[in-house]
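One-letter residues, chain by chain:
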Amino acid sequence: MTICTAQLIYFSPTRTTQRILTAIAQGIDIGDAIHLDLTPPGVQGRTFEVGNETIALLGAPVHSGRLPKTAVERLYRVRGNGAPAVLVVVYGNRAFEDALLELKDIAEACGFVPIAGAAFIGEHSYSTEAMPIAVGRPDANDMEKAGAFGQQIWQMLAQTPIDALPSLHVPGNYPYKDRKPSTETPPAPITIADLCTLCGDCAAVCPTDAITVGDAVITQAAACIQCCACTRVCPTGARVMEDPRILRTAAWLYENHSARKEPELFLGSAQ
Ligand SMILES: Cc1cc2nc3c(=O)[nH]c(=O)nc-3n(C[C@H](O)[C@H](O)[C@H](O)COP(=O)(O)O)c2cc1C
Ligand code: SF4
Ligand code: SF4
């Protein structure tokens, strides 16, 4: 099988995952990659086919040591048709726990052949000026490592047919870490009306359609996955995450998980 296209398939509310996949694809160097962005709510319920002459790069962020449920639901609707897949999780400098294993299991269930995996670091969604966590990640160093990883994968594919590659092992445990039980009032960002221009940018980036902008900004907290895409995009600082549960977590992360972590890369190994 000759691979002639790279397809990036990702869920990435604050775009760090998308940036890492793009850098890996640049290392693979087979022309412009096709993007399948599973972040907008419009993809919900749709199915997607990947050609087997494609190398797929699947990516998602780590949420509480797992993949976000929304990402899982959307990834399950992509059919791999035997295409080789590079699996990437991006985490906010704490830990990726079972997320990469979960992504590998999903990829296999969808008909992909996992050939490589990686955990990269992205600025934490809860990071603020007052409590910076992995600010500026991925940085130039991360992007360089991502490009070199792409090159390494491409060389491996040039030397070995896909069905002769050793199987891929990634860290993680069964059963996967429990998801946090949902609460009656999940945390969600609020809008400071005096600062809001009703531009609608926050609603446009929300992956779960939790925001409606009319005469005011209305947020359905039950649909919020706390991704902070809306607070990042707001041009006036009107959209803020002030829920004390999130602020407590951010302070804990800042205190305990500020020491720089480096990307971890996994290629198939005979075991
Ligand atoms: C609800 C939630 C839970 C998170 N849990 C973790 C975690 O368990 N470990 C970690 O290191 N980062 C965690 N993060 C940070 C994200 O993994 C990180 O910000 C990532 O770069 C987001 O990817 P994106 O830019 O593609 O959306 C969490 C973020 C959110 C919103
Ligand atoms: S992005 Fe900010 S300014 Fe624009 S509608 Fe949303 S909260 Fe208001
Ligand atoms: S409302 Fe919630 S889910 Fe939507 S963008 Fe904001 S933080 Fe993310």
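Criteria and cut-off values
- Residues numbered from 1 in each chain as written.
- Chains lettered and ligands numbered in written order.
- Predicted model: local features only at pLDDT ≥ 70, side-chain atom pairs only at ≥ 80, totals over all residues.
- Heavy atoms only, no water.
- Near = heavy atom within 4 Å.
- Polar contact = N/O pair within 3.5 Å; in protein donor to acceptor, adjacent residues only side chain to side chain.
- Areas by Shrake-Rupley, 256 points an atom, 1.4 Å probe, with all protein chains shown as cover.
- Helix = DSSP H or I, 4+ residues; strand = E, 2+ residues; numbered from the N terminus.
- Domains from an automatic or database assignment.
- Pairing = 2+ DSSP bridges.
- Right-handed = clockwise from strand over helix to strand, strands pointing away.
- Nonpolar A, V, L, I, M, F, W, Y, C, P; charged D, E, K, R; others polar.
- Core = buried A, V, L, I, M, F, W, Y, C linked by side-chain atoms within 4.5 Å.
- Buried < 20%, exposed > 50% of the residue type's maximum accessible area, 1.4 Å probe, protein only.
- Contact = heavy atoms within 4.5 Å.

Visitor: Mind showing me how you'd approach the site of ligand 1 here?
Guide: Within the structure, ligand 1 sits among 25 residues, and S12, T14, T16, T17 and V62 are positioned closest to it. The separation between an oxygen atom of ligand 1 and a polar main-chain atom of P13 is 3.2 Å. With respect to ligand 1, the side chain of H124 contributes an N or O atom lying 3.1 Å from a nitrogen atom. Protein chains bury 96% of the 640 Å² of accessible surface belonging to ligand 1 in isolation. At the level of secondary structure, the elements contributing two or more residues to the shell around ligand 1 comprise α1 (16-28) and β6 (84-91). Here the shell around ligand 1 spans two domains, and each of domain 1 (5-175 + 259-267) and domain 2 (190-242) adds at least three residues to it.

Visitor: I would appreciate a short explanation of the pairing of strand β2 (residues 34-37) in the present structure.
Guide: Within a regular beta strand, the side chains point alternately toward one face of the sheet and then the other, so they alternate between its two faces. One ladder, built from four bridges, connects strand β1 (residues 5-10) with β2; its direction is parallel. Across the sheet, the residue bridging to Q7 is I34, located in β2. Assessed by its sense of winding, the connection that carries the chain from β1 through α1 to β2 is right-handed.

Visitor: Whenever I open this one, the site of ligand 3 confuses me. Can you help?
Guide: Lining the immediate environment of ligand 3, one finds P189, C206, P207, T208, I211, C224, I225, Q226, C227, C228, C230 and R239. Residues that form the shell around ligand 3 fall into these classes: nine nonpolar, two polar and one charged.

Visitor: I keep staring at the nonpolar core and nothing clicks. Help me out?
Guide: One broad trend across soluble globular proteins is that nonpolar side chains are buried collectively. Counting 39 residues, the largest nonpolar core has I9, L58, L67, V89 and F112 as the members making the most contacts within it. Of all the elements in the fold, those that place two or more residues in this core are β4 (54-61), α2 (69-75), β6, α3 (99-109) and β7 (113-121). Broken down by element, this core gets its largest block of residues, six residues, from α3. Per-domain counts for this core show at least three residues from each of domain 1 (5-175 + 259-267) and domain 2 (190-242). Non-local contacts of L67, meaning those with residues more than four positions away in its chain, are made with A60, P61, V72, L75, V89, A99, E102, L103, I106 and R179. In this structure, L21, A118, M156 and I162 belong to the second largest nonpolar core, which totals 26 residues.

Visitor: Is there a simple way to think about the pairing of β6 in this case?
Guide: Buried residues dominate β6, accounting for eight of its eight residues. Both faces of β6 are covered, namely the face carrying P84, V86, V88 and V90 and the face carrying A85, L87, V89 and Y91. With six bridges joining them, β4 and β6 adopt parallel strand pairing. Counted as the bridge partner of G59 is V88 from β6. Two elements, β6 and β7, share eight bridges in a ladder whose sense is parallel. When the sheet's bridge partners are listed, P84 is paired in β7 with V113. Tracing the backbone out of β6, into α3 and back to the parallel element β7 gives a crossover that is right-handed.

Visitor: Got a minute to help me understand unusual backbone geometry in this structure?
Guide: Outside of glycine, negative phi angles account for most residues, and trans bonds account for most peptide bonds. Cis geometry is found at the peptide bond from R137 to P138, where omega equals -5°. In this fold, P138 is placed in the loop between β7 and α4 (140-159). A cis amide bond links Y174 to the next residue, P175, at an omega of -15°. In this structure, P175 sits in the loop between α4 and β8 (190-191).

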